[in-house]
Amino acid sequence: MRRVDPVPASLVARAVTPGIPNSRYWVDIDLAPFVQSAIDDNMREHDALSRAGKQTEPLPPVHILAISGGGDSGAFAAGLLAGWSIQGSRPEFKVVTGISAGALIAPFAFLGRPYDKVLHDVTTSVSEDGLFGKRGLLAGLSSDGMAHSEPLARLVAKHVTPAVLDSIAAEYRKGRALMIGTTDLDSGRAVTWNMGVIAASGAPRALELFRKVMLASASVPGEVSPVMIDVEVDGKPYQEMHVDGGVITQVFTYPSNSLAVMKQLTGQPNRRGIHVYAIRNGKVSPEWSDTPRRTLSIGGRAISLLLQRQGINDLERIYRTAQQDGADFNLAYIGSDFEQAPQQAFDAKYMNRLFEYAYELSAKGYPWRKGPPTDGLQ
């Protein structure tokens, strides 16, 4: 399948999305733009609070929500957030991040309680056929994925409307941040997209790009077609191939040295309290499996374990960063007491039971874990 030329390796850091040049960050190349964006967020927050006659010195504590990938187990995060709304202590998050399944949840978690029903519908009312269009074996092997994501694209378009984009833009102008992670396969790098910038840009294709980023973050390479995103360097068009952000990281908050760089840029240390809430849509200990002695079964099981371990490592990193910055760390994950297993991919019975499980725990006051995920290994 033909495509527009990929961005040459030497130009990767200079590629921008047409009309929205500040829509994303390459934090492994240059952290300064990411940190400057956070500084700008704080300035907008200060102005918004001032206009509302609220306290600005110091600014209120920062609440950060990070939602991991997890496929059909995304129902856990949705149920937890909905139950948290009922319990009454769910904060307004200044920052919400999402990867893969978490990317489909993050925009609605960002907009808060009015979108809890959307969270329920998105994570419990879909089937595998309702998300991906399967190709035959030969067609899949000769194409760019064993399935295409047109059904998922329609689902995203149904819920991410122009009105939703306007609501996200309004929150961005108050200093809040919504970020989604994808993987640029050509460069082999993680990309952090500032969805608020996209929403507030007023660019003609802002809604299209917003939806594409969500779709890309949930597109498992090989299983589903990648999402092609148009970019340019000095006006010359190129095209990037984006897939599931979970290829590189399963969950993220902010880079570990962000506060140090912010202090360098502003001359001021951080004086705000930070509360980090990480939701893992999965368990923290490996689950036993009777693995058939067949090539695909063995390979699939190995990849599953690799991703499970990667997710734990990501949470360990977030915990260490929180400790370094004096932040309050909170972790939620599917407990060992939840024993129901899906009978197939995107099993409605499994997803609804998982939603109810998380909802019931959270409505009573979820017992957030204060330590690293390895504390929960059994």
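The shown structure was predicted, so the numbers you read here are calculated from the model rather than taken from an experiment. (Residues numbered from 1 in each chain as written. Predicted model: local features only at pLDDT ≥ 70, side-chain atom pairs only at ≥ 80, totals over all residues. Heavy atoms only, no water.)

So, on to the overall build of the protein chain. Looking only at helices and strands, the protein chain has 12 helices and 11 strands in total. A buried classification covers 53% of the 378 residues belonging to the protein chain. Considering only contacts in the protein chain between residues 6 or more positions apart, those separated by 24 or more positions represent 76%. Surface exposure of the protein chain reaches about 17,500 Å², of which carbon and sulfur atoms provide 54%. Computed over 39 positive and 39 negative side-chain charges, the inter-centroid distance for the protein chain is 1 Å. (Helix = DSSP H or I, 4+ residues; strand = E, 2+ residues; numbered from the N terminus. Buried < 20%, exposed > 50% of the residue type's maximum accessible area, 1.4 Å probe, protein only. Contact = heavy atoms within 4.5 Å. Areas by Shrake-Rupley, 256 points an atom, 1.4 Å probe, with all protein chains shown as cover. Lys, Arg positive; Asp, Glu negative; His and termini not counted. Charge placed at Lys NZ, Arg CZ, Asp CG, Glu CD.)

Take the pattern of salt bridges next. The tally for this structure, following the rule as stated, stands at 17 salt bridges. E356 is the partner of R353 in a salt bridge, and the nearest nitrogen-oxygen pair spans 3.8 Å. With a gap of 3 residues between them, R353 and E356 both fall in helix α12 (residues 348-363), about one helical turn apart. Among the residues examined, E356 registers a relative accessible area of 39% and is labelled partly exposed. (Salt bridge = Lys/Arg side-chain N within 4 Å of Asp/Glu carboxyl O.)

Here helix α2 (residues 75-87) spans 18 Å end to end across 13 residues, near enough to the 18 Å set by a 1.5 Å rise per residue. Within α2, 11 of the 13 residues are buried, leaving the element largely enclosed by the surrounding structure. Burial in α2 covers these residues: A75, F76, A77, A78, G79, L80, L81, A82, G83, W84 and S85. In the core, the buried residues of α2 are packed alongside β2 (62-67), α3 (101-111), α4 (116-124), β10 (274-280), β11 (328-333) and α12. (Expected span 1.5 Å × (residues − 1).)

Here A216 is to be found in helix α9 (residues 206-217). Judged by its relative accessible area of 0%, A216 is buried. Between the C-alpha atoms of A216 and S125, which are 91 residues apart in sequence, the distance is 21 Å. Every residue in contact with A216, bar those within four places of it in the chain, is listed here: T182, V227, H242, V243 and D244.

A separate point is the packing of aromatic side chains. Applying the stated criterion across every chain, the model contains 13 aromatic pairs. Note on W84 and F93: the rings are 5.7 Å apart at their centroids and 65 degrees apart in plane angle, and the pair reads as edge-to-face. Here W84 falls in the buried class, since its relative accessible area comes to 5%. Residue classification places F93 among the buried residues on the basis of a relative accessible area of 2%. Summarising the aromatic geometry, the rings of F338 and Y357 are spaced 4.9 Å apart at their centres and angled 45 degrees between planes, so their arrangement reads as tilted. With F338 in the loop between β11 and α12 and Y357 in helix α12, this residue pair connects regions lying 19 residues apart in the sequence. In terms of burial, F338 and Y357 fall into one category: buried. An aromatic cluster is present here, built from W84, F93, Y277, Y366 and W368 joined pairwise through their rings. A cation over a ring is seen here: R44 above Y172, with NZ or CZ 3.9 Å from the ring centre. Over the aromatic face of F110 sits the side chain of R176, whose NZ or CZ is 4.1 Å from the ring centroid. (Phe/Tyr/Trp six-rings, centres within 6.5 Å; stacked < 30°, edge-to-face > 60°. Lys NZ or Arg CZ within 6 Å of the ring centre and 35° of its normal.)

Okay, unusual backbone geometry next. Note that the residue after E57, namely P58, is joined by a cis bond; omega there is -5 degrees. Relative to the elements of secondary structure, P58 occurs in the loop between α1 (32-51) and β2. The phi dihedral of S100 is positive, around 55 degrees, even though this residue is not glycine.

Membership of the largest hydrophobic core comes to 77 residues, with the highest contact counts inside it found for L65, F76, L80, M195 and F210. Those residues in contact with F210, other than ones at most four positions away along the chain, are P107, V160, L165, I168, L178, M195, I198 and A199. Listed in part, the 31 residues of the second largest apolar core include F34, V95, A177 and I318. (Core = buried A, V, L, I, M, F, W, Y, C linked by side-chain atoms within 4.5 Å.)

Taken together, the 3 bridges between strand β6 (residues 177-184) and strand β9 (residues 236-244) define a ladder with antiparallel strand orientation. Pairing of D184 across the sheet is with H242, part of β9. In this antiparallel pair of consecutive strands, strand β8 (residues 227-233) and β9, the connection spans 2 residues, and D234 shows a positive phi of 50 degrees. (Pairing = 2+ DSSP bridges.)

Okay, the side chain of D116 next. Tracing the sequence through the fold places D116 in helix α4. When its relative accessible area of 10% is taken as the criterion, D116 is described as buried. Among the polar contacts made by the side chain of D116, one reaches the side chain of S85 at a distance of 2.7 Å. With near-sequence residues (within four places) excluded, D116 lies in contact with L81, A82, S85 and R90. (Polar contact = N/O pair within 3.5 Å; in protein donor to acceptor, adjacent residues only side chain to side chain.)

It is at 9 Å that the axes of α3 and α4 come closest, and there the two elements cross at 170 degrees. Taken together, the axes of α3 and α4 are roughly antiparallel relative to one another. Every residue of α4 that contacts α3 at L104, I105, F108 and A109 is listed here: V118, L119, V122 and T123. Residues of the contact of α3 with α4, tallied by class, amount to 7 nonpolar, 1 polar and no charged. (Axes fitted to C-alpha atoms, helices over the stretch in contact; angles between N-to-C directions. Parallel < 35°, antiparallel > 145°, perpendicular 65-115°, else oblique. Nonpolar A, V, L, I, M, F, W, Y, C, P; charged D, E, K, R; others polar.)

So yeah, pure geometry; function would need other evidence.
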